[in-house]
Amino acid sequence: MDFLEEPIPGVGTYDDFNTIDWVREKSRDRDRHREITNKSKESTWALIHSVSDAFSGWLLMLLIGLLSGSLAGLIDISAHWMTDLKEGICTGGFWFNHEHCCWKSKHVTFEDRYKCPEWNSWSQLIISTDEGAFAYIVNYFMYVLWALLFAFLAVFLVKVFAPYACGSGIPEIKTILSGFIIRGYLGKWTLVIKTITLVLAVSSGLSLGKEGPLVHVACCCGNILCHCFNKYRKNEAKRREVLSAAAAAGVSVAFGAPIGGVLFSLEEVSYYFPLKTLWRSFFAALVAAFTLRSINPFGNSRLVLFYVEFHTPWHLFELVPFILLGIFGGLWGALFIRTNIAWCRKRKTTQLGKYPVIEVLIVTAITAILAFPNEYTRMSTSELISELFNDCGLLDSSKLCDYENHFNTSKGGELPDRPAGMGVYSAMWQLALTLILKIIITIFTFGMKIPSGLFIPSMAVGAIAGRLLGVGMEQLAYYHHDWAIFNSWCSQGADCITPGLYAMVGAAACLGGVTRMTVSLVVIMFELTGGLEYIVPLMAAAMTSKWVADALGREGIYDAHIRLNGYPFLEAKEEFAHKTLAMDVMKPRRNDPLLTVLTQDSMTVEDVETIISETTYSGFPVVVSRESQRLVGFVLRRDLIISIENARKKQDGVVSTSIIYFTEHSPPMPPYTPPTLKLRNILDLSPFTVTDLTPMEIVVDIFRKLGLRQCLVTHNGRLLGIITKKDVLKHIAQMANQDPDSILFN
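Cut-offs applied
Residues numbered from 1 in each chain as written. Predicted model: local features only at pLDDT ≥ 70, side-chain atom pairs only at ≥ 80, totals over all residues. Heavy atoms only, no water. Helix = DSSP H or I, 4+ residues; strand = E, 2+ residues; numbered from the N terminus. Rg over C-alpha atoms; globule rule 2.2 N^0.38 Å. Buried < 20%, exposed > 50% of the residue type's maximum accessible area, 1.4 Å probe, protein only. Contact = heavy atoms within 4.5 Å. Areas by Shrake-Rupley, 256 points an atom, 1.4 Å probe, with all protein chains shown as cover. Lys, Arg positive; Asp, Glu negative; His and termini not counted. Charge placed at Lys NZ, Arg CZ, Asp CG, Glu CD. Expected span 1.5 Å × (residues − 1). Polar contact = N/O pair within 3.5 Å; in protein donor to acceptor, adjacent residues only side chain to side chain. Pairing = 2+ DSSP bridges. Axes fitted to C-alpha atoms, helices over the stretch in contact; angles between N-to-C directions. Core = buried A, V, L, I, M, F, W, Y, C linked by side-chain atoms within 4.5 Å. pLDDT = per-residue confidence, 0-100. Patch = residues over 30% accessible without salt bridge, like charges linked within 9 Å, V, L, I, M, F, W, Y side chains within 5 Å. Salt bridge = Lys/Arg side-chain N within 4 Å of Asp/Glu carboxyl O. Phe/Tyr/Trp six-rings, centres within 6.5 Å; stacked < 30°, edge-to-face > 60°. Lys NZ or Arg CZ within 6 Å of the ring centre and 35° of its normal. Left-handed = near helix turned anticlockwise from the far one by under 90°. Nonpolar A, V, L, I, M, F, W, Y, C, P; charged D, E, K, R; others polar. Parallel < 35°, antiparallel > 145°, perpendicular 65-115°, else oblique. Right-handed = clockwise from strand over helix to strand, strands pointing away.

Enquirer: Any details on the overall build of the chain? Residues and values, ideally.
Expert: Counting its secondary structure elements, the chain contains 28 helices and 11 strands. At 30 Å, the chain has a C-alpha radius of gyration in line with the 27 Å of a compact globule built from 746 residues. Along the longest, intermediate and shortest principal axes, the C-alpha atoms of the chain span 105 × 60 × 55 Å. The buried share among the 746 residues of the chain stands at 54%. Within the chain, contacts between residues separated by at least 24 positions form 72% of all contacts whose residues are at least 6 apart in sequence. Counting every atom, the chain has about 32900 Å² of accessible surface; 61% of that belongs to carbon and sulfur. Counting 67 positive and 69 negative side-chain charges, the chain places the averaged centre of each group 6 Å from the other.

As structure tokens, this is what we get:
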């Protein structure tokens, strides 16, 4: 019996920082499934095994949803408590945040619901008073101190225990889902450290969100749980289907948007998304959202993050300011991507990158010092967005709702458009300063060595701009209701303009400008707010934002970071329009040394080991002979090394002079010659080939749609060269006048 009929541990696996062979992985899964199906007819036990194999995918989705939802609930509750810890502590129970502390109080009215004797600021605890300049300085000092402590702990834990836990994780998730392997990126340590440091980073008050990193957390859950099922543990392509569903669950728990999560995974993250994965993603997102709702981290019995209840329909004329917000979102997105990438490149190429702890502490100190005096920068970004989306009601005590003529009894208690009071004007100035700070500080925050998401800061920028424009429109309609643009639909005392709606549209526009999402963005926004009837304004702003941003730069922030880091990612959205041929891209070029190949029946173990030691190629074409160069197949370097090592240990008599055969039958050997080594089982007999005159646009399309790692080039069946995924990426970069050597894992 040939020893290779027994599977060799390690054969068919991949090295770190390599690309998987999608075609081979899918073929192996089909063979496995066919074998299970055939055996299921033989016995009851085999039938049970077949049913459990079919059900294992749904069970895995259930577990991913439960774990992702639980971790998201834990992160939400912890971050809320630690954010409030910077301002004070609850004497009725230190584990209560500010809101819950005052809920428990019996000495509080609805108007002063955030002022209760149980909640003590740090100045009350330290100097027994909350009045005066010294109390303000004490609170200021404690705010900055807590922010620095949280930021230091976050960056220290990432640096020491899990370097992969930094950033949002979405660029790397996209690269991994395209078939690249980054070992440890979705491992246990990364999950633990990312969960802890995400809470710390959000609580520090930095201009970042937890929504992007929650996708990374959910994908870590998916990857770890895959190891419980043979079907997914041993097949990299199947595991990536699970990770696509896990990404959907991550967005589902980040925003309370299960449908938006599925669309986000489909539009923005996934590389291969069959119909079966769509159903499973939907199920995982549903379970994750249900789990989060059961935990009820916001304490309001709602799943949505920013529930809105606008009472006024929008008017057709308002599409003009909505489109203006779309233009602003596109301009902000293009500006942010260019400046952030320039800063991140500077971080990579200068001494700055060697001191991540100092960088984080400096940015945190600047953010905290500038944030404390302004109540809108001091509050958490999620609270700020919630306040900006809010439609002012009778009982609102916010400065944004400080209008004159507070309510009109003739209209049954509804609030008409009304003149702004001093509080609104004061809030406008503070919001304008907040907008400037958020725009500048987010550029330097995203990409630091701590978990940092971009969804919430981008939405905050748009929401502030939208609220400012909304209040401006509201006052314009109040004082000039007789203008032609208003008089047909907006009479005096009517409730015409809803500033909160403008904030919502602005948030969508800025998020779209940065990420270039469209369909999933609109669905996430209406799920996030419950504002179902405002789909058209959201769509108009999202599309305008994308058009403007695309006109100024083709890449979204995640694609830009993929290119900055040199990940081998082949973007499916870009068109290849150049008239080059396969022979222009293949290796070897003219005047290059000949292609390194193996022959099917004339090389010894020593010859092959010499080729392996002298080259760094991931695999080798196998030909009939050096003279004919007729292609037989392709063998991977890793499989070759493992098989030869295994044969030397387990097969008697295999020495350096043993001949390696890739053929089905080896010829009879003369006596006293060492035994031969048959390696046909590790040979890919159907490698993908193109001719030398195949246009490169077809080759690029083949690489995208089949997820190839290499493609062999032939002429009349004779092997000429090889094109790898990196060759394709370098060629695309060259055609775009970019540095082709930037396409290296960095």
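Enquirer: Report on helix H1 (residues 22–39), specifying residues and quantitative values.
Expert: The first and last C-alpha atoms of H1 sit 26 Å apart over 18 residues, in line with the 26 Å expected at 1.5 Å per residue. In the core, the buried residues of H1 are packed alongside helix H2 (44–85), helix H6 (170–177), helix H10 (236–255) and helix H27 (696–706). Regarding H1, its N-cap is aspartate 21, as a side-chain oxygen of that residue lies 3.2 Å from the backbone nitrogen of valine 23 further along.

Enquirer: Quick rundown of the pairing of strand S6 (residues 631–636)? Include the residues and the values.
Expert: Within S6, 5 of the 6 residues are buried, which leaves it mostly tucked inside the rest of the structure. Two strands pair when backbone bridges link them, and strand S5 (residues 619–623) and S6 are joined in this way by 5 bridges, in the antiparallel orientation. The residue of S6 that forms the bridge with valine 623 is leucine 631.

Enquirer: Give me helix H14 (residues 356–371): which residues, what numbers.
Expert: An ideal rise of 1.5 Å per residue puts 22 Å on 16 residues; H14 measures up with 22 Å between its terminal C-alpha atoms. Along H14, the residues that are buried comprise Pro356, Val357, Glu359, Val360, Val363, Thr364, Ala365, Thr367, Ala368 and Ala371. Check the buried side of H14 and you find it contacts helix H5 (133–161), helix H13 (319–349), helix H15 (375–378) and helix H17 (422–445).

Enquirer: Describe in detail the sheet that holds strand S3 (residues 598–599), supporting the description with residues and values.
Expert: Strand order across the open sheet formed by 3 strands is S3-S5-S6, with mixed pairing between neighbours. Both edges of this open sheet fall to S3 and S6, since each of them pairs with a single strand only. The sheet strands contacting helix H26 (residues 637–650) are S3, S5 and S6, and the helix crosses S6 at an angle near 75°.

Enquirer: How would you summarise the nonpolar core if you had to cite specific residues and measurements?
Expert: Nonpolar side chains in soluble globular proteins tend to be buried together. Counting 142 residues, the largest nonpolar core has Phe389, Met459 and Met525 as the members making the most contacts within it. Sort the elements by how many residues they give to this core and helix H20 (residues 499–515) lands first, with 11 residues. Setting aside residues no more than four positions away along its own chain, methionine 525 makes contact with Phe389, Met459, Met504, Ala507, Ala508 and Leu538. Counting residues in each nonpolar core, the second largest holds 21 residues, with Ile562, Phe576, Ala582 and Val699 among its members.

Enquirer: Before we move on, could you go through the environment of serine 40 and cite the residues and values that matter?
Expert: Relative to the elements of secondary structure, serine 40 occurs in the loop between H1 and H2. Accessibility expressed as a relative area gives 15% for serine 40, which makes it buried. Sequence separation between serine 40 and serine 50 is 10 residues, and the spatial gap between their C-alpha atoms is 6.1 Å. Those residues in contact with serine 40 that lie beyond four places of it in its chain are Ala46, Leu47 and Ser50. A polar atom in the side chain of serine 40 sits 2.6 Å from the backbone oxygen of threonine 37.

Enquirer: Outline the sheet that holds strand S8 (residues 677–678), listing residues and values.
Expert: Taken in spatial order, the 3 strands line up as S4-S7-S8 in an open sheet, and their pairing is mixed. Each edge of the open sheet is held by one strand with a lone partner, namely strand S4 (603–604) and S8. With 2 bridges joining them, strand S7 (residues 659–661) and S8 adopt parallel strand pairing. Looking at the pairing, isoleucine 660 lines up with leucine 677 of S8.

Enquirer: Tell me about the confidence of the model for the chain, and please be specific about residues and values.
Expert: Overall, the prediction assigns the chain a mean pLDDT of 86, with 93% of residues at 70 or greater. Low pLDDT, under 50, characterises residues 1–5; the stretch is placed with 12 contacts to residues that sit more than four places away or in other chains. In the predicted structure, residues 406–413 sits below a pLDDT of 50 and forms 14 contacts with residues beyond four places in sequence or in another chain.

Enquirer: Now, about a nonpolar patch on the surface: what can you tell me, with residues and values included?
Expert: On the surface, Leu149, Phe152, Leu153, Phe156, Val160, Phe161, Trp189, Val192 and Ile196 cluster together to form a nonpolar patch covering roughly 810 Å² of accessible area. Secondary-structure elements contributing two or more residues to the nonpolar patch are H5 and helix H7 (188–203). By the element assignment, phenylalanine 152 lies in helix H5.

Enquirer: Provide a residue-level description of the packing of aromatic side chains, including the pertinent values.
Expert: Counted according to the given criterion, the structure contains 23 aromatic pairs. Pairing tryptophan 332 with phenylalanine 336 gives two aromatic rings, centres 5.2 Å apart and planes at 45°, and the pair type is tilted. Highlighted residues: tryptophan 332 and phenylalanine 336, both in helix H13, separated by 4 residues, approximately one helical turn. Look at phenylalanine 336 and you get buried, because its relative accessible area is 0%. By the ring-pair criterion, three or more aromatic residues cluster together here, those being Trp81, Phe94, Trp95 and Phe96. Its end group placed over the ring of tryptophan 58, arginine 280 keeps NZ or CZ at 5.3 Å from the ring centre. The ring of phenylalanine 372 is capped by arginine 378, whose NZ or CZ atom sits 4.4 Å from the centre of that ring.

Enquirer: An account of the pattern of salt bridges is needed here, citing residue identities and associated values.
Expert: All told, the structure shown has 23 salt bridges when counted by the stated rule. The salt bridge partner of arginine 563 is glutamate 555, with a shortest N-O separation of 2.8 Å. Overall, the relative accessible area of 34% leaves arginine 563 in the partly exposed class. The exposure class of glutamate 555 is partly exposed, given its relative accessible area of 25%.

Enquirer: An account of the packing of H2 against helix H12 (residues 275–295) is requested, with residue identities and associated values reported.
Expert: At their nearest, the axes of H2 and H12 sit 7 Å apart, and the two run at 35° to each other. Regarding H2 and H12, the two cross each other, and that crossing is right-handed. Within the contact of H2 with H12, the residues separate by chemical class into 14 nonpolar, 6 polar and 2 charged.

Enquirer: So what about the packing of helix H21 (residues 519–529) against helix H22 (residues 535–552)? Which residues, and what values?
Expert: In contact at an axis separation of 10 Å, H21 and H22 are set at 140° when each is read in the N-to-C sense. With respect to each other, H21 and H22 are oriented oblique. Considering only the axes of H21 and H22, their crossing is right-handed. Here Leu521, Val522, Met525 and Phe526 of H21 lie close against H22, whose contacting residues are Ile535, Leu538, Met539 and Ala542.

Enquirer: Tell me about the pairing of strand S10 (residues 710–715), and name the residues and values.
Expert: Most of S10 is tucked away: 5 of the 6 residues are buried. Both strand S9 (residues 689–691) and S10 contribute to a ladder of 3 bridges, which runs parallel. Bridge pairing links threonine 689 to leucine 712 in S10. In terms of handedness, the path from S9 via H27 over to S10 forms a crossover that is right-handed. The sheet contact formed by S10 and strand S11 (residues 718–724) spans 6 bridges and is antiparallel.

Enquirer: Quick one: what's the story with unusual backbone geometry, residue by residue and with numbers?
Expert: Residue proline 588 follows lysine 587 across a cis peptide bond; omega there is 0°. The backbone phi angle of phenylalanine 17 is positive, close to 60°, even though this residue is not glycine. For phenylalanine 17, the location among the structural elements is in the segment before H1. Look at arginine 516: it is not a glycine, yet its phi comes out positive at around 65°. Looking at where arginine 516 falls in the secondary structure, it is placed in the loop between H20 and H21. Judged by its relative accessible area of 7%, arginine 516 is buried.

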